[in-house]
Amino acid sequence: IVTATKPGSRDVREVAGQRLTHPDRLLWPNQGSDPGVSKADLAAYWQAVAERALPEIADRPLALVRCPDGIEGEHFFQKHKTRGMPDALREGSEDGAPFLALSDMAGLVAATQIGAIELHGWGSPGSDPAHADRLVFDLDPAEDLPFERSVEAALEVRRRLKVAGLECYPRTSGGKGLHVVAPITTQMDWDAVRAWCRSFAESMERDAPELFVSSTRKTRRTGRILIDWLRNGLGSTAVASYSPRARPGAPVATPLSWREVTPKLDIKAFSIRTVPARLRKADPWLDFDRDRRELKPTKK
Ligand code: ATP
Ligand code: MN
Ligand code: MN
């Protein structure tokens, strides 16, 4: 529901009860026949996907990537509430780690209003930020690796998580790679969960060092896929499902079904323009909550 407010002030619109100033300002620039993506377009994207996206985003500790001058301007990674932020964005903290949170469509528009293009979520809910409710393995391929290698890596992560008793779901990062996300419950604290994820990634490197690397040190990454376990920890974030990315083409971090994870998958095809139409199909993460399994310390 996008309506012009006060006649005469055409540069302000009200969307979901929130003020959207400069609605025609482009966050993604126009290029040739591509008209770009304006603030109003981003708000319209959020309205189109809100029903599917909010369960992944609402009341989860977040950090924002703000690009007030569009994706070609400066990017700010922001975890604190600052002056001028709408009330629909609120702040919180857990054990000294600050975060932002939103609850509804108004919050998504408030994020759009301040140029927050990317939403990055903790792996724990706002109701209990000290305890993980998901693990995220971020698969970062070295330059020039065929996408097939990322697919193999995702399937191997899935196989190994299954051995550990966990179910998992794939998504595009909206960038170069894939994320594998495992819904969990756990009594373990974040340090223990982080250690579990680290040893999971290290075991992949130990068993296939020609394919996988578990350390972010650049020198070791050539020709391999980094199993980035650092998304898991108190205050650590991974891009939220359905969040756009501040990158050319307005890509979106898109939940997938495992059937889609094949070498034919075109990860660039998931964008602000194409993702709303996907929602007509069944939710590939429909069973995410039902597939929650308990993460337990590994016996040594
Ligand atoms: P790609 O497919 O391109 O790797 P990605 O989202 O996985 O996309 P990474 O660079 O692998 O990107 O991971 C960056 C992650 O680090 C983000 O998901 C984000 O949540 C987190 N992060 C932590 N601090 C920052 C920061 N200052 N700026 C951007 N991201 C940050
Ligand atoms: Mn990544
Ligand atoms: Mn990474």
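Residues numbered from 1 in each chain as written. Chains lettered and ligands numbered in written order. Predicted model: local features only at pLDDT ≥ 70, side-chain atom pairs only at ≥ 80, totals over all residues.

## Things to note about the pairing of strand 2 (residues 12–15)
Point 1. Burial of strand 2 is one-sided: the residues Arg 13 and Val 15 facing one way are buried, the residues Val 12 and Glu 14 facing the other way are not.
Point 2. In this sheet, strand 3 (residues 18–21) lies alongside strand 2 in antiparallel orientation, the contact comprising four bridges. Each residue of the ladder has a partner; that of Arg 13, found in strand 3, is Leu 20.
Point 3. In sequence, strand 2 turns back onto strand 3 through a hairpin of two residues, with Ala 16 there showing a positive phi of about 50 degrees. (Buried ≥ 20, exposed ≤ 12 C-beta atoms within 10 Å, placed from the backbone. Helix = DSSP H or I, 4+ residues; strand = E, 2+ residues; numbered from the N terminus. Pairing = 2+ DSSP bridges.)

## Regarding the domain arrangement of the chain
Point 1. Considered domain by domain, the chain is made up of domain 1 (11–129 + 235–278) and domain 2 (134–233 + 289–294).
Point 2. Centre-to-centre separation of domain 1 and domain 2, based on C-alpha positions: 24 Å.
Point 3. Contact with domain 1, which involves 20 residues of that partner, is made by 20 residues of domain 2. (Domains from an automatic or database assignment. Contact = placed C-beta atoms within 7 Å.)

## Observations concerning the environment of His 179
Point 1. Assignment of secondary structure puts His 179 in strand 13 (residues 178–185).
Point 2. With 26 C-beta atoms counted inside 10 Å, the residue His 179 sits in the buried group.
Point 3. His 179 has contacts with Val 136, Phe 137, Asp 138, Arg 171, Ser 173 and Ala 238, leaving out every residue within four places of it along the chain.

## Re the site of ligand 1
Point 1. For ligand 1, the full set of nearby residues is Phe 77, His 120, Asp 138, Asp 140, Ser 173, Gly 175, Lys 176, Gly 177, Asp 228, Thr 237, Ala 238 and Val 239.
Point 2. Every element with two or more residues in the shell around ligand 1 is listed here: strand 11 (134–141) and strand 16 (238–239).
Point 3. Residues that form the shell around ligand 1 fall into these classes: three nonpolar, five polar and four charged. (Near = placed C-beta within 6 Å. Nonpolar A, V, L, I, M, F, W, Y, C, P; charged D, E, K, R; others polar.)

## As for the packing of helix 1 (residues 39–57) against helix 2 (residues 105–113)
Each packed pair of helices is defined by two parameters, the angle between the axes and the distance between the axes.
Point 1. Helix 2 packs onto helix 1 with a crossing angle of 155 degrees between their chain directions and a minimal axis gap of 9 Å. When the axes of helix 1 and helix 2 are compared, the pair comes out roughly antiparallel. Handedness of the helix 1/helix 2 crossing: right-handed. Contacts between helix 1 and helix 2 involve Lys 39, Leu 42, Ala 43, Trp 46, Gln 47 and Ala 50 from the former and Met 105, Leu 108, Val 109 and Thr 112 from the latter.
Point 2. Taken together, the residues of the contact of helix 1 with helix 2 sort by class into seven nonpolar, two polar and one charged. (Axes fitted to C-alpha atoms, helices over the stretch in contact; angles between N-to-C directions. Parallel < 35°, antiparallel > 145°, perpendicular 65-115°, else oblique. Left-handed = near helix turned anticlockwise from the far one by under 90°.)

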